[in-house]
Amino acid sequence: MTGDDSISRERLEASPGEIYTETIEEPVYEFKREHYFDHLVETNKAWVLMLVETDLVPESEGATLLEALEDLQAEGPEALGEYNPDYEYFYSHMEQVLIEETTEEIAGNINIGRTRPEPLARMETRERLITVLDQLNDLRDTLLDIAQREVETVMPQWTHYQHAQISTVGHYVLAITSALERDFDRLYDSYDTVNECTLGCGALAGASYPLDRELVAELLGFDGFKNNTIDCVAGGDHHMEPASAMANMMTTLSRFCQDVYTWHTREFGFAEIGDEYAGSSSMMPQKKNPYPFEYVRARSGHVTAKATSVQETLHNTNYQDIKDVEEDAVYPLFEAFDETSRSLRLLNGTIESTTFDAEAMMREAEDGFASCTELASRIHRNTDLSYRTAHRIVGDMVLRAINSDMTASDVGSDLVNESAEEVIGKRLDIDDEFVQAALDPEAFVEVHDGPGGPAPKEVRRRIQDQRATVDEHRVRVNDLRESLDSAEEMRTQRLEELTQ
């Protein structure tokens, strides 16, 4: 039989066994004591305030209990002591401390209509979301600074890893920030799902007491309470949504890292990170290794695996309060937050230190044939030929140039006309200036000035738009933080009013 000081095990004839304790109960307790201590204290405060407000607990007893909670919070997590099998659960350990500080008659009332499980994971998750959203906005600002600096830095771009068309570093970076803008939206939207209060749902059917679920949600900074009481204890999408959003974002970052990592090679020579972020070799003295890109790529895989782990943990579980949902899905979620946060900080610093070699990029843009679409377009616009026919002529010209070991810079009107005679049986009325103007990388960028294109004027316009969006997103994140701060101030004020 359990001892007289046990909590909630009267139905059972033995305390948790040694193996069960060592493999499950104690690790869970330590995890919750590390991550949930303040959240449970604040939840208990809000619950007591609500019980007093609804006349379920006398003001004097509520004040005593709130003072004990304040004292406990000041002592910190260590005040709960080591895991005790008699108390079994994390929240029972806290209840036992409160009993010792007050009485069982007073502290025991904290369980009136109480919810198990608590919304503690939701409270921790929303704080982590705010941190990651802030870090994402920091990275976006850094990238926009680079885009502004490199708005005229011409470079080739690739499709299927072959030279495709000419762009700029600024234009490329805006592609990444555009993707990260969508990643922000996904992360931010997941906050709505997370920030629903489940208190007052009981074990699954609510309570027969006149609880004020709206008040306790407001006191804890939730946007409202989750309506269906079964869904309160069974739902797991508040784990899956942020995990999936982080996996999406980390995939974006991994692909970005792979590009800059490739450009950092001697063969490309397009980019170089600062020495403070590079690694050396203990054997090869010439090495400057861009390790951060490797780390972020790897952590992208970790976060994707953690998101999958969250979903698979919930897969094929009953739709009810179950440890898979309450506890085991939380571990990979928090690990995903840790990996994501570290990656954002690391990549922000690394990319801020990165320099781009404009001359090397221009050489590749000039020597390759990535501006040939413009030559075909100019031929089409200045002759009576269809675009497809112009495309065929230019394609034949590129083949002739490659077979003659020529670069795009070497091509003139004679080579184009050799191809024209081959394709359509006659020469074109063009000269060398016509051809070189079409193939010039800087001219190519300038004329591609449509919405979203690489022309500097258009890129600058999009940078301004995206900066405005980041500023707006910072306001939205600050609003989330201020909402939590306001709820804390409300709890503090009501607690002081009750305990004076």
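Numbers given to residues run from 1 along each chain, matching the order in which its sequence is written. Where local features are concerned, this predicted model is filtered to residues with pLDDT of at least 70; where side-chain atom pairs are given and counted, the filter is 80 or more; whole-chain, interface and lining totals use all residues. Side-chain figures throughout are based on the complete set of non-hydrogen atoms in the structure, without hydrogens or water.

Secondary structure is summarised from DSSP: a helix means a run of H or I of at least four residues, a strand means a run of E of at least two, and numbering begins at the N terminus for each. Scanning the protein for helices and strands turns up 19 helices and 4 strands. In terms of its C-alpha atoms, the protein occupies a principal-axis envelope of roughly 100 × 50 × 40 Å. Type-normalised accessible area, obtained with a 1.4 Å probe on protein chains alone, sets the label of each residue: buried when under 20%, exposed when over 50%, and partly exposed for intermediate values. The 500 residues of the protein split such that 52% are buried. It only takes one pair of heavy atoms within 4.5 Å for two residues to be counted as in contact. Restricting the contact set of the protein to residue pairs at least 6 apart, pairs at least 24 apart contribute 76%.

As used here, the term nonpolar core means buried Ala, Val, Leu, Ile, Met, Phe, Trp, Tyr and Cys residues forming a set that is joined through side-chain atoms within 4.5 Å. Core analysis: the biggest nonpolar cluster contains 110 residues, and L98, L187, L253 and W263 have the highest contact counts within it. Setting aside residues no more than four positions away along its own chain, L253 makes contact with L139, L180, V296, L344 and L347. Within the second largest apolar cluster, 23 residues are counted, among which are L385, I393, V394 and F434.

Attention now moves to the packing of aromatic side chains. Each Phe, Tyr or Trp ring (for Trp, its six-membered ring) is paired with any other whose centre lies within 6.5 Å, and the angle between the two planes then decides the class: stacked below 30 degrees, edge-to-face above 60, tilted in between. Applying the stated rule across the entire model yields 15 aromatic pairs. Each ring, one from Y36 and one from F334, has its centre 6.3 Å from the other, and the planes form 90°; the classification is edge-to-face. Here F334 lies in helix 12 (residues 330-352) and Y36 lies in helix 1 (residues 18-53), a separation of 298 residues in the sequence. Considered together, Y36 and F334 belong to a single accessibility category, that of buried residues. When the ring of F184 is compared with that of Y188, the centres are 5.8 Å apart and the planes differ by 15°; the resulting orientation is stacked.

Now for the packing of helix 1 against helix 2 (residues 59-75). Pairs of packed helices are described in terms of their axes, by the angle between the two and the distance that separates them. Interaxial distance between helix 1 and helix 2 falls to 10 Å at its minimum, and their mutual angle equals 170°. Between helix 1 and helix 2, the interaxial angle falls into the category roughly antiparallel. Contact with helix 1, carried on its side by F37, D38, V41, E42, N44, K45, V48, L49 and V52, involves E59, G62, L65, L66, L69, E70, L72 and Q73 of helix 2 and no other residues of that element. Only the stretch in contact is used when fitting a helix axis, every axis being a line fitted to C-alpha atoms; angles between N-to-C directions are given from 0 to 180 degrees. Comment on the angle field: the value is read as roughly parallel under 35 degrees, roughly antiparallel over 145, roughly perpendicular from 65 to 115, and oblique elsewhere.

Now for the pattern of salt bridges. Each reported salt bridge corresponds to a side-chain nitrogen of Lys or Arg within 4 Å of a carboxyl oxygen of Asp or Glu. Counted under the stated rule, the structure contains 37 salt bridges. Among the salt bridges present, the one from K288 reaches E272, with a minimum N-O distance of 2.8 Å. In this pair, K288 sits in the loop between strand 3 (271-272) and helix 10 (291-314) while E272 sits in strand 3, placing the two residues 16 residues apart along the sequence. Assessed through its relative accessible area of 23%, K288 is described here as partly exposed. On the basis of relative accessible area, E272 is assigned to the partly exposed category, the value being 39%. Residues E327 and K323 are paired through a salt bridge, measuring 3.0 Å at the closest nitrogen-oxygen approach. Of the two residues, E327 and K323 are both situated in helix 11 (residues 323-328); the distance of 4 residues between them amounts to about one turn of the helix. When its relative accessible area of 8% is taken as the criterion, E327 is described as buried.

Okay, the UniProt feature "domain: Fumarate lyase N-terminal" (unreviewed entry) in the protein next. UniProt positions are given in the numbering used here, feature names are shortened, and annotations may be inferred rather than shown by experiment. UniProt tags residues 104-303 as "domain: Fumarate lyase N-terminal" (unreviewed entry). Its end C-alpha atoms 44 Å apart, residues 104-303 is made of 56% helix and 8% strand.

Moving on: empty space enclosed by the protein. Grid spacing is 1 Å over the protein atoms alone, the probe is 1.4 Å, and a cavity is where that probe fits but cannot get out, while a pocket is an open set with protein on both sides within 12 Å along at least five of seven lines and lining residues have an atom within 4 Å of a point. Grid points are joined across faces, edges and corners, and a volume is the space filled by probe spheres set on the points. Throughout the structure, instances matching the rule amount to 3 cavities of 30 Å³ or more. Counted as a void, the largest cavity has a volume near 240 Å³. Lining the largest cavity we find 18 residues, and of these P117, E118, L120, A121 and E326 sit closest to its centre. Contributing elements (two or more residues each) for the lining of the largest cavity: helix 1, helix 3 (90-101), helix 5 (120-149), helix 8 (229-234), helix 9 (237-263) and helix 11. Looking at the lining of the largest cavity element by element, the count peaks at 3 residues for helix 5. Residues were grouped as follows: Ala, Val, Leu, Ile, Met, Phe, Trp, Tyr, Cys and Pro as nonpolar; Asp, Glu, Lys and Arg as charged; and all remaining residues, including Gly, as polar. Class assignment for the residues of the lining of the largest cavity results in 10 nonpolar, 4 polar and 4 charged. Along its surface, the second largest cavity is lined by L40, N44, Y91, M94, E95, L98, I110, N111, R114 and R116. If you list the elements that add at least two residues to the lining of the second largest cavity, you get helix 1 and helix 3. Residue contributions to the lining of the second largest cavity peak at 4 residues, all from helix 3.

Turning our attention to the environment of T308. The topology assignment puts T308 in helix 10. As a C-alpha pair, T308 and A247 span 61 residues in sequence and 9.1 Å in three-dimensional space.

Residue R116 is joined to P117 through a cis peptide bond whose omega torsion reads 5°. In this structure, N316 takes a positive phi of about 65° despite not being glycine. As for its placement among the helices and strands, N316 is situated in the loop between helix 10 and helix 11.

Another point: a negative patch on the surface. A contiguous patch of negative charge on the surface is contributed by E364, E366, D367, D410, E442, E446 and D449. Counting residues per element, the ones that place at least two in the negative patch are helix 13 (358-367) and helix 18 (441-447). Top element by residues in the negative patch is helix 13. It accounts for 3 residues. Inspection of the secondary structure puts E366 in helix 13. Classification of E366 by relative accessible area gives partly exposed; the value is 32%. Note on patches: the residues involved have over 30% relative accessible area and no salt bridge, like charges join within 9 Å, and the nonpolar side chains Val, Leu, Ile, Met, Phe, Trp and Tyr join within 5 Å. Note that accessible areas follow from Shrake-Rupley with a 1.4 Å probe, and for residues the cover is restricted to the protein chains shown. His residues and chain termini do not enter the charge count, which takes Lys and Arg as positive and Asp and Glu as negative. In plain terms, the charge of a residue is placed at NZ if it is Lys, CZ if Arg, CG if Asp and CD if Glu.

What follows is about the packing of helix 2 against helix 19 (residues 456-499). With their axes 9 Å apart at the nearest point, helix 2 and helix 19 run at an angle of 125° to one another. By the criterion of interaxial angle, the relationship of helix 2 to helix 19 is oblique. Here the hand of the crossing between helix 2 and helix 19 comes out left-handed. Contacts between helix 2 and helix 19 involve E59, G62, A63, L66, E67 and E70 from the former and L495, L498 and T499 from the latter. For the contact of helix 2 with helix 19, the per-class residue count stands at 4 nonpolar, 2 polar and 3 charged. By the definition used in this description, the sense in which the near helix is turned from the far one sets the handedness, with an anticlockwise turn below a right angle giving left-handed and a clockwise turn giving right-handed.

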